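This is what each chain is made of:
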Amino acid sequence: MISKKAISTLLLVSGFTLYLTVSDPQSAYAMHIMEGFLPYGWAIFWWAVFIPFFILGLRSLMRITRETPELKIMLGVAGAFIIVLSALKIPSVTGSSSHPTGTGLGAVMFGPLPMSVLGSIVLLFQALLLAHGGLTTLGANAFSMAVAGPMIGYAAYRWMIKSTGKQTLSIFTAAALANLSTYVVTSIQLALAFPAESGGILASFVKFGGIFAITQIPLAISEGLLTVLIWNWLKANSSEELSILQRKMKGA
């Protein structure tokens, strides 16, 4: 008889295969917003907004590793999930790209603050080594993907789990909204920096958001489904670590 672990692993591999096939990663010009694309004033502004969350995230990570060192491997899983998914980029709005984020899973497990560190490390790695994104726009990119997305995903998870009690549905919603909200925030950032001549910021936001939606809504749905597969695999193979999460973390 096939064990539950074998079935969950088979489903996970199949899910990744289908996801990679459907997403069809291509060459892109940026990781969210490309280097030098934002005016320096806005680039500095988003750095200033992001840094306090990064500091709080470092404190949260230090507390987790100090109080529950057995969860370090789960932090590694959350970080690896972000690296893998965020590497799949599809060209979108000029000067930017669409892709999955992977931050919803970590936000569900550990809360949103640690994602500000894990997500920004991934963005820095890709900016320096893969020529996706840049240092001047890192503050804006990190705020949208590593701060806003995880916070909205986590809030959605908490609300759904309290309202419905259905964990699978709650995790799907958290991952999908963490992805989608990242690009809503990116659209706001671009609209603020480049308001339309006719209609101003609102018209620009509608334009950017509408273009992003073409690629991002399907990506958000597929990321939610893939995150559920990952979660089921973790339940089958890392039940002890998930039990510790349930007892000691504010996430799952």
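Only a predicted model underlies this, so the values are computations on that prediction, with no experimental measurement involved.

A. How the structure looks around the overall build of the protein. Secondary structure assignment for the protein yields nine helices and two strands. Listing each helix as α and each strand as β along the protein from the N terminus yields α-α-α-β-β-α-α-α-α-α-α. For the protein, the proportion of its 252 residues judged to be buried stands at 48%. Across the protein, every contact between residues at least 6 apart in sequence was considered, and the portion connecting residues at least 24 apart equals 80%. Put simply, the protein shows about 11,700 Å² of open surface, and 71% of that area lies on carbon and sulfur atoms.

B. Expanded view of the side chain of threonine 103. Relative to the elements of secondary structure, threonine 103 occurs in helix H4 (residues 103–110). Judged by its relative accessible area of 0%, threonine 103 is buried. Each residue touching threonine 103, except ones within four places of it in the same chain, is listed here: Ile82, Met115, Met145, Pro150, Ala178 and Glu223.

C. Local environment of the pattern of salt bridges. Applying the stated criterion across every chain yields a total of one salt bridge. Among the ionic pairs, arginine 63 bridges to glutamate 67, the shortest N-O distance being 3.8 Å. Residue arginine 63 and its partner glutamate 67 are located together in helix H2 (residues 40–67), separated by four residues, close to a single helical turn.

D. Fine view of the packing of aromatic side chains. For the structure on display, the rule yields seven aromatic pairs. With a centroid separation of 5.0 Å and 75° between ring planes, the pair formed by phenylalanine 45 and tryptophan 46 is classed as edge-to-face. Using a relative accessible area of 7% as the deciding quantity, one classes tryptophan 46 as buried. Taken together through their ring pairs, the aromatic side chains of Trp42, Phe45, Trp46, Phe53 and Phe143 make up a single cluster.

E. Region of the structure containing the environment of serine 222. Position of serine 222 among the secondary structure elements: in helix H8 (residues 200–237). By relative accessible area, which is 21% here, serine 222 ends up partly exposed. For serine 222, the side chain forms a polar contact with the main-chain oxygen of leucine 219, separated by 2.9 Å.

F. Looking closely at the packing of helix H5 (residues 113–129) against helix H6 (residues 138–164). Two elements in contact, H5 and H6, have axes separated by 8 Å at closest approach and are oriented at 145°. Crossing of H5 against H6: the hand is right-handed. For the pair formed by H5 and H6, the contact residues are Leu113, Met115, Ser116, Gly119, Ser120, Leu123 and Leu124 on the first element and Leu138, Asn141, Ala142, Met145, Ala146, Val147, Pro150 and Met151 on the second. Residue composition of the contact of H5 with H6, grouped by class: 11 nonpolar, four polar and no charged.

G. Up close: the side chain of threonine 101. Its place among the elements puts threonine 101 in the loop between strand E2 (97–98) and H4. Those residues in contact with threonine 101 that sit more than four places away from it in its chain are Ile82, Leu85, Ser86, Met145, Ala178, Asn179, Thr182, Tyr183 and Glu223.

H. Here's a closer look at the packing of helix H3 (residues 72–86) against H4. One can describe the packing of H3 onto H4 by two numbers: an axis separation of 8 Å at closest approach and a directional angle of 160°. If you check the angle between H3 and H4, you find them roughly antiparallel. Residue-level inspection shows Met74, Leu75, Ala78, Phe81 and Ile82 of H3 in contact with H4, the latter providing Thr103, Leu105, Gly106, Met109 and Phe110. Partitioning the contact of H3 with H4 into residue classes produces eight nonpolar, two polar and no charged.

I. Representation of the nonpolar core within the structure. Grouped together as the largest cluster of nonpolar side chains are 49 residues, with contacts concentrated most on Met74, Met109, Phe110, Phe143 and Leu245. Within the residue set of this core, elements represented by two or more residues are H2, H3, H4, H5, H6, helix H7 (167–193), H8 and helix H9 (239–248). Counting residues per element, this core draws most heavily on H6, at nine residues. Ignoring anything within four residues of it in the chain, the contact list for leucine 245 reads Leu71, Met74, Met109 and Phe110.

J. Summary view of a nonpolar patch on the surface. A contiguous nonpolar patch, built from Ile152, Leu177, Leu180, Val184, Ile188, Ile217, Ile221 and Leu225 and spanning about 610 Å² of accessible area, is present on the exposed surface. Those elements giving two or more residues to the nonpolar patch turn out to be H7 and H8. A per-element tally of the nonpolar patch places H7 first, with four residues. Note that isoleucine 221 resides in helix H8. On the accessibility criterion, isoleucine 221 (43% relative accessible area) is partly exposed.

K. Representation of H2 within the structure. For H2, with 28 residues, the first-to-last C-alpha span of 40 Å sits near the 40 Å given by 1.5 Å per residue. Of all bends in H2, the biggest is about 25°, found at phenylalanine 50, and the proline proline 52 comes one to four residues later. Taken as a whole, H2 has its buried residues at Ala43, Trp46, Phe50, Gly57, Ser60, Leu61 and Ile64. Contact partners of the buried residues in H2: H3, H4, H5, H6 and H7.

Rules and cut-offs
- Residue positions are counted from 1 within each chain, in the order its sequence is given.
- Given that the model is predicted, a residue must reach a pLDDT of at least 70 before its local features are reported, and side-chain atom pairs must reach 80 or more before they are shown or counted; all residues, however, enter totals for whole chains, interfaces and linings.
- With hydrogens and water stripped out, all remaining heavy atoms of the structure feed into the side-chain values.
- Segments assigned H or I by DSSP are reported as helices when at least four residues long, segments assigned E as strands when at least two residues long, and all are numbered from the N terminus.
- Relative accessible area decides the class of each residue, using a 1.4 Å probe on protein chains only: under 20% of the type maximum gives buried, over 50% gives exposed, and in between gives partly exposed.
- Note on definitions: a residue-residue contact is assigned when non-hydrogen atoms from the two residues lie within 4.5 Å.
- Here, Shrake-Rupley sampling with a 1.4 Å probe gives the accessible areas, and only protein chains in the shown set may cover a residue.
- Counted as salt bridges are all cases of a side-chain nitrogen of Lys or Arg within 4 Å of a carboxyl oxygen of Asp or Glu.
- Classification of ring pairs rests on two measures: the distance between centres of Phe, Tyr or Trp rings, Trp counted by its six-membered ring, which must be within 6.5 Å, and the angle between planes, read as stacked under 30 degrees, edge-to-face over 60 and tilted in between.
- Pairs of N or O atoms within 3.5 Å make up the polar contacts considered here, provided that, within protein, one atom can donate a hydrogen while the other can accept it, and that residues adjacent in sequence are counted only when both atoms are side-chain atoms.
- Lines fitted to C-alpha atoms define the axes, with helix axes restricted to the stretch in contact, and inter-axis angles between N-to-C directions lie between 0 and 180 degrees.
- Left-handed is the label given to a crossing in which the near helix is rotated counterclockwise from the far helix by less than a right angle, and right-handed is the label when the rotation is clockwise.
- Each residue is assigned to one class: nonpolar for Ala, Val, Leu, Ile, Met, Phe, Trp, Tyr, Cys and Pro, charged for Asp, Glu, Lys and Arg, and polar for all the others, Gly among them.
- Note that the term roughly parallel is reserved for angles under 35 degrees, roughly antiparallel for angles over 145, roughly perpendicular for angles of 65 to 115, and oblique for everything else.
- Put simply, a nonpolar core is a bunch of buried Ala, Val, Leu, Ile, Met, Phe, Trp, Tyr and Cys residues held in one set by side-chain atoms that sit within 4.5 Å of each other.
- A patch is a set of surface residues, each over 30% in relative accessible area and not in a salt bridge, joined within 9 Å for like charges and within 5 Å for the nonpolar side chains Val, Leu, Ile, Met, Phe, Trp and Tyr.
- By this rule, a helix spans an expected 1.5 Å times one less than how many residues it contains.
- Given a residue, its bend is the angle between the two axes fitted to the seven residues that end at it and to the seven that start from it.

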